[in-house]
Amino acid sequence: MDPAAAPEEDTLVAPAAGKGPRRAGKGNWSGSLIVASLIGAFGSSFLYGYNLSVVNAPSVYIKKFYNETWERRYGFSVDESTLTLLWSITVSIFAIGGLVGAIIVTPIVKFFGRKCTLLLNNVFAVTAALLMSLSLLAGSFEMLILGRIIMGVDAGISLSALPMYLSEISPKEIRGSLGQVTAIFICVGVFTGQVLGLPEIFGTESRWPYLFGVIIVPSLVQVVILPFLPESPRYLLLEKHNTTKAEKAFQTFLGKDDVSHEVEEVLAESRVQRNTKLVSVLQLLKTRSVRWQVITVVVTMGCYQLCGLNAIWYYTNNIFNEAGINPETIPYVTLSTGAVETLAAVFSGLVIERLGRRPLLIGGFGLMIVFFAILTVSLTLQKNVHWLPYLSIFCILAIIASFCIGPGGIPFVLTGEFFQQSQRPAAFMIAGTVNWLSNFAVGLLFPFIQSGLQTYCFLVFAAICFAGATYLFFVLPETKNKTLNEISQAFAKRNKVSLEMQEVNHYSGERKSSAEQESNFTSSVDNGETKKGIV
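Cut-offs and rules
- Residues numbered from 1 in each chain as written.
- Predicted model: local features only at pLDDT ≥ 70, side-chain atom pairs only at ≥ 80, totals over all residues.
- Heavy atoms only, no water.
- Axes fitted to C-alpha atoms, helices over the stretch in contact; angles between N-to-C directions.
- Helix = DSSP H or I, 4+ residues; strand = E, 2+ residues; numbered from the N terminus.
- Parallel < 35°, antiparallel > 145°, perpendicular 65-115°, else oblique.
- Contact = heavy atoms within 4.5 Å.
- Nonpolar A, V, L, I, M, F, W, Y, C, P; charged D, E, K, R; others polar.
- Buried < 20%, exposed > 50% of the residue type's maximum accessible area, 1.4 Å probe, protein only.
- Polar contact = N/O pair within 3.5 Å; in protein donor to acceptor, adjacent residues only side chain to side chain.
- Left-handed = near helix turned anticlockwise from the far one by under 90°.
- Core = buried A, V, L, I, M, F, W, Y, C linked by side-chain atoms within 4.5 Å.
- Phe/Tyr/Trp six-rings, centres within 6.5 Å; stacked < 30°, edge-to-face > 60°.
- Lys NZ or Arg CZ within 6 Å of the ring centre and 35° of its normal.
- Salt bridge = Lys/Arg side-chain N within 4 Å of Asp/Glu carboxyl O.
- Disulfide = S-S within 2.5 Å.
- Arc of directions from axis to C-beta.

1. Quick look at the packing of helix H3 (residues 59-74) against helix H8 (residues 141-169)
Working step 1: Two numbers describe how H3 lies on H8: the axes approach to 9 Å, and their chain directions differ by 135 degrees. The pairing of H3 with H8 is recorded here as oblique in orientation. Taking contact as the criterion, the partners of Ile62, Phe65, Tyr66, Thr69, Trp70 and Arg73 in H3 are, on H8, Phe141, Glu142, Leu144 and Ile145.
Working step 2: Across the contact of H3 with H8, the residue classes tally to seven nonpolar, one polar and two charged.

2. Overview of the side chain of Glu353
Working step 1: Note on placement: Glu353 falls in helix H18 (residues 330-355).
Working step 2: With a relative accessible area of 15%, Glu353 lands in the buried category.
Working step 3: Within the structure, Glu353 has its side chain in polar contact with the backbone nitrogen of Gly176 (distance 2.5 Å).
Working step 4: One polar contact links the side chain of Glu353 to the main-chain amide nitrogen of Ser177, over a distance of 3.1 Å.
Working step 5: Non-local contacts of Glu353, meaning those with residues more than four positions away in its chain, are made with Lys172, Glu173, Ile174, Arg175, Gly176, Ser177, Lys480 and Asn481.

3. Some words on the packing of helix H16 (residues 291-306) against helix H23 (residues 457-475)
Working step 1: Contact geometry for H16 and H23: axes closest at 10 Å, N-to-C directions at 155 degrees. In terms of their interaxial angle, H16 and H23 are classed as roughly antiparallel. Two packed elements cross with a definite hand, and for H16 against H23 that hand is left-handed. Note on element contacts: H23 touches H16 through Phe461, Ile464, Gly468, Tyr471, Leu472 and Val475, opposite Trp292, Ile295, Thr296, Val299, Thr300, Cys303 and Leu306.
Working step 2: In the contact of H16 with H23, the residues fall into 10 nonpolar, three polar and no charged.

4. Looking at the nonpolar core
Working step 1: Counting residues in hydrophobic clusters, the biggest one holds 129 residues, and the most contacted among them are Tyr66, Leu284, Phe365, Phe372, Trp436 and Phe458.
Working step 2: The leading source of residues in this core is H8, at 15 residues.
Working step 3: When neighbours within four sequence positions are excluded, Phe372 is seen to be in contact with Cys307, Gly308, Ile312, Ile399, Phe458, Phe461, Ala462 and Cys465.
Working step 4: Residues Leu236, Ala246, Val266 and Leu267 belong to the second largest nonpolar core, which totals 12 residues.

5. Examining unusual backbone geometry
Working step 1: Phi angles above zero are rare outside glycine, and His241 is one such case at about 55 degrees.
Working step 2: With respect to the element layout, His241 can be found in the loop between helix H12 (233-238) and helix H13 (243-254).
Working step 3: Of the residues examined, His241 reaches a relative accessible area of 45% and is grouped as partly exposed.
Working step 4: In this model, Asn481 sits at a positive phi of 60 degrees, which is unusual for a non-glycine residue.
Working step 5: Looking at where Asn481 falls in the secondary structure, it is placed in the loop between H23 and helix H24 (484-495).

6. Description of the side chain of Ser30
Working step 1: Topologically, Ser30 is positioned in the segment before helix H1 (31-42).
Working step 2: Here Ser30 falls in the buried class, since its relative accessible area comes to 8%.
Working step 3: For Ser30, the side chain forms a polar contact with the main-chain oxygen of Phe253, separated by 2.3 Å.
Working step 4: Those residues in contact with Ser30 that lie beyond four places of it in its chain are Thr252, Phe253, Leu254 and Gly255.

7. Looking at the environment of Thr117
Working step 1: Here Thr117 shows up in helix H5 (residues 114-120).
Working step 2: In the structure, Thr117 is positioned 44 residues away from Ala161 in sequence and 7.0 Å away in space, judged by C-alpha atoms.
Working step 3: With residues near it in sequence (within four places) discarded, Thr117 still touches Ile108, Val109, Phe112, Ile157 and Ala161.
Working step 4: At 3.5 Å, the side chain of Thr117 and the backbone oxygen of Ile108 are in polar contact.

8. So, the packing of aromatic side chains
Working step 1: Counting across every chain of the model gives 23 aromatic pairs.
Working step 2: Taken together, the aromatic side chains of Phe65, Tyr66, Phe141, Trp208 and Phe212 make up a single cluster linked through ring pairs.
Working step 3: Sitting above the plane of the Phe141 ring, Arg73 keeps its charged end 4.9 Å from the centroid.

9. Looking at the environment of Phe212
Working step 1: Looking at the secondary structure, you find Phe212 in helix H10 (residues 208-213).
Working step 2: The residues touching Phe212, leaving out its near neighbours within four places in the chain, are Val54, Val55, Ile62, Ala129, Met132, Ser133 and Leu144.

10. So, the pattern of salt bridges
Working step 1: Tallied over the entire structure, the rule returns eight salt bridges.
Working step 2: Its salt-bridge partner being Glu205, residue Lys64 comes within 2.9 Å of it at the nearest N-O pair. Separated by 141 residues along the polypeptide, Lys64 in helix H3 and Glu205 in the loop between helix H9 (175-196) and H10 bring together distant segments of the chain.
Working step 3: One network of salt bridges, with partners in common, ties together Arg114, Glu168, Glu239 and Arg424.

11. Quick notes on the state of the cysteines
Working step 1: Scanning all chains against the criterion turns up zero disulfides.
Working step 2: The thiol sulfur of Cys187 is not disulfide-bonded, and the nearest other cysteine sulfur, from Cys404, lies at 3.9 Å.
Working step 3: Cys303 carries a free sulfur, and the closest cysteine sulfur to it, the one in Cys465, is 7.0 Å from it.

12. Notes on helix H11 (residues 216-225)
Working step 1: Every buried residue belonging to H11 is among Ile216, Pro218, Ser219 and Gln222, and all of these are buried. Each buried residue of H11 sits inside an arc of 165 degrees when the element is viewed along its axis, so together they form one side.
Working step 2: Where H11 is buried, its residues meet H1, helix H2 (45-53), H5, helix H6 (122-133) and H10.

Here it is as structure tokens:
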């Protein structure tokens, strides 16, 4: 099938006479595109990463605050089991809030748009920050717990709305790199939480509430800057049918005045979907033409949380202690994990458009399997061999790096690439639900797995990584530089559908003549300038 004859998701440049369609050039990084991605991620995925790590450093002081509050209210100290329960709720309820956010994001992004959803989401972040930072002053640990669940709602919404926004504003030549910004800022957020939690900064008994007050800063930065950047041009055209604003958005993000080819292409998709309402989750699950795309998203998102990285954080301090590192310096050594995580994510963003999604994702899981196996042997024998704890430290850093070069960010990129405009919100809702349910399951089940298997618990995660890598090796096509139509073609045989039965060919049937196409397009553009379609 001629790719120019189908409603594609990404940009093709109109061919010269007698030549086929050519790919757009590589100079796609405009200043507005960079600012939109950085500011969008700073007020969204950064806060998700930050809230994953921020509770670790002040945990001793927060538990003491819980005990003192309980004793002041009831006249006796809280027992150890109740204190452990309260702390477990404080940590894990973040995932419950994330699940709520993932469920409610679909109607929000449809009604308000991608950019406005990110902006409105800051209401949750600021509210949560105020509750958590003022909990010590108010003498109410319930405020801290409530703030954590509200912060989870913020994270659930942002981890769907941000990748959706980035995938819709980026040219396909840099779609993977721009999509990796989500993962990079998660890692930067984790690292920032570790740094600010040091005793010299906010990791003290009197200053720990400031760790939560800092959350307001990224939110305010996003609220101040993001309104000056455009909404997703695809949202404006395909859901709001506003050609004028979409053209201006394309011009801003692409950094050029002539965006006729980009607008024409999205309008082609718009003509196909004009009478297609936003697809619900149930409708998406029933759609045969995207069945394996949905399964692949579920597998990658499930493995994203179940691959064992949370177990690594559990063992880090113990391994550092076994290596003979002074307990007082362990928080500083732990910063190396955050630094490695960030550098690996940046590396992935730099090479993803050269190497592709498949090698990084499958290779990342493969490396994790190898280092999990070595770590299991090392932890089992480290009391007998004095140098093995250092090998364990290396394995921890290697597992973190392996995760971040592929499994840590690419699942968000794939979810944005697999589906057409009307299906994308439902797809991100499914991905978000799997993500947060898996997150909660790990937090709930890992203590029991660790208690029963001890150091052998890492073999469970190695098996999960192996299962994920095997599935992706046989099912996942390469999506680098491919349009929606080309990705659908790659899945068509596995989905047991003929492309002739899909909307792609419905559009081809509508294109009976180039004159009719040009007339339809010209009537859609309200700036009075006639622009040729792709032929």
